[in-house]
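# Observations on the three-dimensional arrangement
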Amino acid sequence: MEELQIIGGSKLEGDVSISGAKNAALPILCAGLLTSETILLTNVPDLHDVSTTIKLLSQLGSVTRKHGQNEVSITSNNIENLKAPYELVKAMRASILVLGPLLTRFGEAIVSMPGGCAIGQRPVDQHIKCLSALGADIKIEHGFVIARAKKLKGTLIRPDVITVTGTENIIMAATLAEGETIIENAACEPEIVDLSNMLIKMGANIKGHGTNRIIIKGVDKLHGTSHRILPDRIEAGTFLCALAATGGNIRIKDANPYNMLATIDKIRLSGVNVKQDNGNLICSMSKRPESVDVITREYPGLATDMQAQFMALNCIARGTSIIVENIFENRYLHVQELNRLGANITINGNSATVHGVDFLSGATVKATDLRASASLVIAGLVAQGKTTIEQIYHLDRGYENMELKLQKLGANIKRATNRNDE
Ligand code: EPU
């Protein structure tokens, strides 16, 4: 198995380009199922979760082509299978995003139940509740969600919790439903806005995306289009936290600062100087970071997907910080690994107290989920000596060329194969 080996202590210097957003690319790829015409996507990040989604679409019968590293086309004019199998759904929970498009266009969808995952239980009850409200007949049998509807019918929908992929599934389903759907308590994430913008280019009638009340008027048919995926605000935020920890000067290119204001505000409190320049972030850090308290919230609050990276930074910051995780009940698996590197973190329910220490010391640690992996990379970049991160397939699910981008910034990091596993 592959691992990352990092020798800590280098400051980060230079330019880094941000890739397309994973969490926009996944629903947008699935939206290709809504039309028989071709969708051409650019700035698609080259990541494991994207490959899994392309594999799933191909199994359903879409023709997917890669044109270069970051361009993908999807044509779904010959869908012959309406079932998302357990093997793919267990590899990637976002596979649930085919449920809405298949159901609304073909009148049926069978998707394996995702089950729990490392960061929490993550049920899909709200996806089911809201698609049922649109008139689908949904049952769960033999571990599959089986949904059928001759024609979905628009209505007023209010998920009990704010859910990102749930909102995306409802929007996609409502685009081809009869009449008007209003989603109250909708998620407002920029990735939902990006999906909606693409659906509008396909002929959908959507208003209010980016707010918690989205109105969709169903249309008979959607058509092909091309779309550039928006920049990954979590990847940009991860580089900001890395800089805050190591010090140095970096220019984060192709970011969209307006989608990550909560992260920028927080990182400034840690001592990083951040200036915006035409979509780029010019960032410098020249001292030991200050501890920053973190409370995760739905957008526009501070993203749960940034919690682990801020925790890594707090490990070596001056002072003590409190971190409160409000979105997922078990998103602290990185804590014991950070403590193995010498951090001083204690957990009490959904909050963690981080007492900043003067230094971390390199060790072998295990990545447990995607953002946990990113936090270990940040810790490894500042730890004394060598840090080896195992199970980095978690990192590869959501970061494009993380170690190559860090090498370009001067970090001493490399990917290696652990021969002991073979
Ligand atoms: N929830 C329910 N029932 C549902 C759906 C959600 O109880 O039917 C709960 C969840 O258990 C959780 C909360 O609602 O406690 C929010 O979950 P949400 O549905 O918003 O999460 P998601 O859509 O499964 C997306 C991202 C995650 C990100 C979360 C929160 C994608 C593909 N995934 O997941 O990204 O953490 O929103 O912002 O968009 C990551 O990139 O590392 C990642 C985990």
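Residues numbered from 1 in each chain as written. Predicted model: local features only at pLDDT ≥ 70, side-chain atom pairs only at ≥ 80, totals over all residues. Heavy atoms only, no water.

- Named according to an unreviewed UniProt entry, the protein is UDP-N-acetylglucosamine 1-carboxyvinyltransferase originating from Candidatus Kinetoplastidibacterium galati TCC219.
- Under the heading Catalytic activity (unreviewed entry), UniProt records this for the protein: "phosphoenolpyruvate + UDP-N-acetyl-alpha-D-glucosamine = UDP-N-acetyl-3-O-(1-carboxyvinyl)-alpha-D-glucosamine + phosphate".
- In UniProt, the protein has this text filed under Pathway (unreviewed entry): "Cell wall biogenesis; peptidoglycan biosynthesis." (UniProt positions renumbered as here; feature names shortened; annotations may be inferred.)

### Description of the packing of helix α5 (residues 125–133) against helix α6 (residues 164–175)
- At a minimum axis distance of 9 Å, the contact between α5 and α6 shows a crossing angle of 20 degrees. The angle between α5 and α6 places the two elements in the roughly parallel class. Every pair of crossing elements has a handedness; the one defined by α5 and α6 is right-handed. Between α5 and α6, the contacting residues are His127, Cys130 and Leu131 on the first element and Thr165, Gly166, Asn169, Ile170 and Ala173 on the second. (Axes fitted to C-alpha atoms, helices over the stretch in contact; angles between N-to-C directions. Helix = DSSP H or I, 4+ residues; strand = E, 2+ residues; numbered from the N terminus. Parallel < 35°, antiparallel > 145°, perpendicular 65-115°, else oblique. Left-handed = near helix turned anticlockwise from the far one by under 90°. Contact = heavy atoms within 4.5 Å.)

### So, the nonpolar core
- Formed by 69 residues in total, the largest nonpolar core has its most connected members in Val98 and Leu199.
- For this core, the element with the most residues is helix α1 (residues 22–31), which contributes seven residues.
- Excluding residues within four positions of it along the chain, Leu199 makes contact with Ala31, Leu34, Ile171, Met172, Thr175, Ala204 and Ile206.
- Counting residues in each nonpolar core, the second largest holds 68 residues, with Ile250, Val274, Ala343 and Ala379 among its members. (Core = buried A, V, L, I, M, F, W, Y, C linked by side-chain atoms within 4.5 Å. Buried < 20%, exposed > 50% of the residue type's maximum accessible area, 1.4 Å probe, protein only.)

### Some thoughts on the pairing of strand β5 (residues 72–75)
- Here β5 shows no split at all, with Val72 and Ile74 on one side and Ser73 and Thr75 on the other all buried.
- Two elements, strand β3 (residues 38–42) and β5, share four bridges in a ladder whose sense is antiparallel. Note that in β5 the partner of Leu40 across the bridge is Ser73. (Pairing = 2+ DSSP bridges.)

### A look at the sheet that holds strand β8 (residues 137–141)
- Spatially, the four strands line up as an open sheet ordered β6-β7-β9-β8, and their pairing is mixed. Since the sheet does not close on itself, it has two edges, and those belong to β6 (83–84) and β8, each with one partner.
- Relative to strand β9 (residues 144–148), strand β7 (residues 108–112) is paired through five bridges, and the arrangement is antiparallel. From the neighbouring strand, Glu108 faces β9, where its bridge partner is Arg148.
- Helix α4 (residues 99–106) contacts β7 and β9 of the sheet and is inclined by roughly 160 degrees relative to β7.

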